[in-house]
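Remarks on the overall topology
What follows is each chain in one-letter form.
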Amino acid sequence: EHNMFGMLRRISRRTRTNHQITIHTKHPKHVVFYSKKSHLKNHIPTTLFQKGILAVGASIGAFVDPTRSDLIAVLGETTGIVALDKMRSKMKADPIGSQILLERPLLTTKTLDPEYLRSLNTNTFGRTYINWMDNYGYSTDDRDPIRFIDDEELAYVLLRYRQVHDFWHVLSGLPTDVLSEISLKWLELLQTGLPVTALSSLVGPLRLSLPEKKKLLTHHIPWAIKTNNSVPFLLNIYYEKYMEQDISQLRAKWGFVN
């Protein structure tokens, strides 16, 4: 029998996703996939009641310390099933989204080789992305695995959402300060409807100064609304296939606004 709060304490911030690996050649291939085996490797079976306890514990912990990405991850997994099902439906209704669900590519340093990305022209999506990651000391392998979602396909939808988050930073030109993260969470809330994004969007501003709150209300939230109205459903983009394309052209193509 699981000790729910002990489980929360043991979840580390930087657990790498387990995956099967096929070696690529000249440039990254989409050869690392989310499989049933990788789902079962990380999955922790929980009852609805246990998920509720985890959600309460994670929400309290995340409220006290919003930097606890591990708790935010747990909260997303234990509260997001309805929203994830709607996200999956949007993907299945789109040819690219359906392809992504079928192939289940993972974003790792095996599929997006950092050295390859650093070799690209400075104006490309891939080079802009890796420069952004290097600047903040991030790795494509950093995202938490999915533990508490029973449905394998829904687990992949949430994992995909986590893994493309940094692409959205790059495309929107947003850094990682608190105000910018909250701004992106507003866009994610409008895109996904995930309860965890609502928590971040509404609770996060409590950490802002009065001038920052004013800027959030007058500029960043309107930006999120405008951007959401101009971009497609962002999980229906196969980002890995655009690494060599011009970042400015992609921003225009996908509707990211300044």
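The structure this text deals with has already been given above.
Below you will find a few notes about this structure.

About the thresholds
Residues numbered from 1 in each chain as written. Predicted model: local features only at pLDDT ≥ 70, side-chain atom pairs only at ≥ 80, totals over all residues. Heavy atoms only, no water. Helix = DSSP H or I, 4+ residues; strand = E, 2+ residues; numbered from the N terminus. Buried < 20%, exposed > 50% of the residue type's maximum accessible area, 1.4 Å probe, protein only. Contact = heavy atoms within 4.5 Å. Areas by Shrake-Rupley, 256 points an atom, 1.4 Å probe, with all protein chains shown as cover. Axes fitted to C-alpha atoms, helices over the stretch in contact; angles between N-to-C directions. Parallel < 35°, antiparallel > 145°, perpendicular 65-115°, else oblique. Nonpolar A, V, L, I, M, F, W, Y, C, P; charged D, E, K, R; others polar. Left-handed = near helix turned anticlockwise from the far one by under 90°. Patch = residues over 30% accessible without salt bridge, like charges linked within 9 Å, V, L, I, M, F, W, Y side chains within 5 Å. Salt bridge = Lys/Arg side-chain N within 4 Å of Asp/Glu carboxyl O. Expected span 1.5 Å × (residues − 1). Polar contact = N/O pair within 3.5 Å; in protein donor to acceptor, adjacent residues only side chain to side chain.

As for the overall build of the protein chain
Counting secondary structure elements, the protein chain contains 13 helices and zero strands. The order of helices and strands in the protein chain, counted from the N terminus, is α-α-α-α-α-α-α-α-α-α-α-α-α. In the protein chain, which comprises 258 residues, the proportion classed as buried is 52%. Within the protein chain, contacts between residues at least 6 apart in sequence are counted, and of these 76% link residues at least 24 apart. Surface accessibility of the protein chain: about 12,400 Å² in total, with carbon and sulfur atoms responsible for 56%.

Looking at the packing of helix α8 (residues 125-136) against helix α9 (residues 152-172)
In contact at an axis separation of 10 Å, α8 and α9 are set at 105° when each is read in the N-to-C sense. Comparing the axis directions of α8 and α9 gives the class roughly perpendicular. Facing α8, whose interface residues are Phe125, Thr128, Tyr129, Trp132 and Met133, α9 presents Asp166, Phe167, His169, Val170 and Leu171. In the contact of α8 with α9, the residues fall into seven nonpolar, two polar and one charged.

A look at the packing of helix α10 (residues 178-192) against helix α12 (residues 210-230)
The geometry of α10 relative to α12 is characterised by a closest axis approach of 9 Å and an angle of 35° between their N-to-C directions. When the axes of α10 and α12 are compared, the crossing they make is right-handed. Contacts between α10 and α12 pair Leu179, Ile182, Ser183, Trp186, Leu187, Leu190 and Gln191 from the former with Glu212, Lys215, Leu216, His220, Ile221, Trp223, Ala224, Ile225, Thr227 and Asn228 from the latter. When the residues that make up the contact of α10 with α12 are grouped by side-chain class, the tally is 10 nonpolar, five polar and two charged.

Looking at a nonpolar patch on the surface
Together, Val56, Ile60, Phe63, Val64 and Leu206 make up a nonpolar patch on the protein surface, roughly 530 Å² of accessible area in all. Within the element layout of this structure, Ile60 appears in helix α3 (residues 48-64).

With respect to helix α5 (residues 81-92)
Given 3.6 residues per turn, any residue in an α-helix points the same way as the ones three and four places further on. Helix length check: α5 (12 residues) gives 16 Å between terminal C-alpha atoms against 16 Å at 1.5 Å per residue, within 8%. As for α5, its buried residues are in contact with α6 (95-103), α9, α10 and α11 (195-203).

Some points on the environment of Thr46
One can find Thr46 in the loop between α2 (36-42) and α3. For Thr46, a relative accessible area of 10% gives the class buried. A C-alpha to C-alpha distance of 9.7 Å links Thr46 and Thr78, two positions 32 residues apart in sequence. With residues up to four places along the chain from it excluded, the contact list for Thr46 reads Lys51, Leu54, Phe148 and Asp150. Separated by 2.8 Å, the side chains of Thr46 and Lys51 make a polar contact.

A few points about the environment of Ser209
Mapped onto the elements, Ser209 comes out in the loop between α11 and α12. With 30 residues separating them along the chain, Ser209 and Leu179 place their C-alpha atoms 9.7 Å apart.

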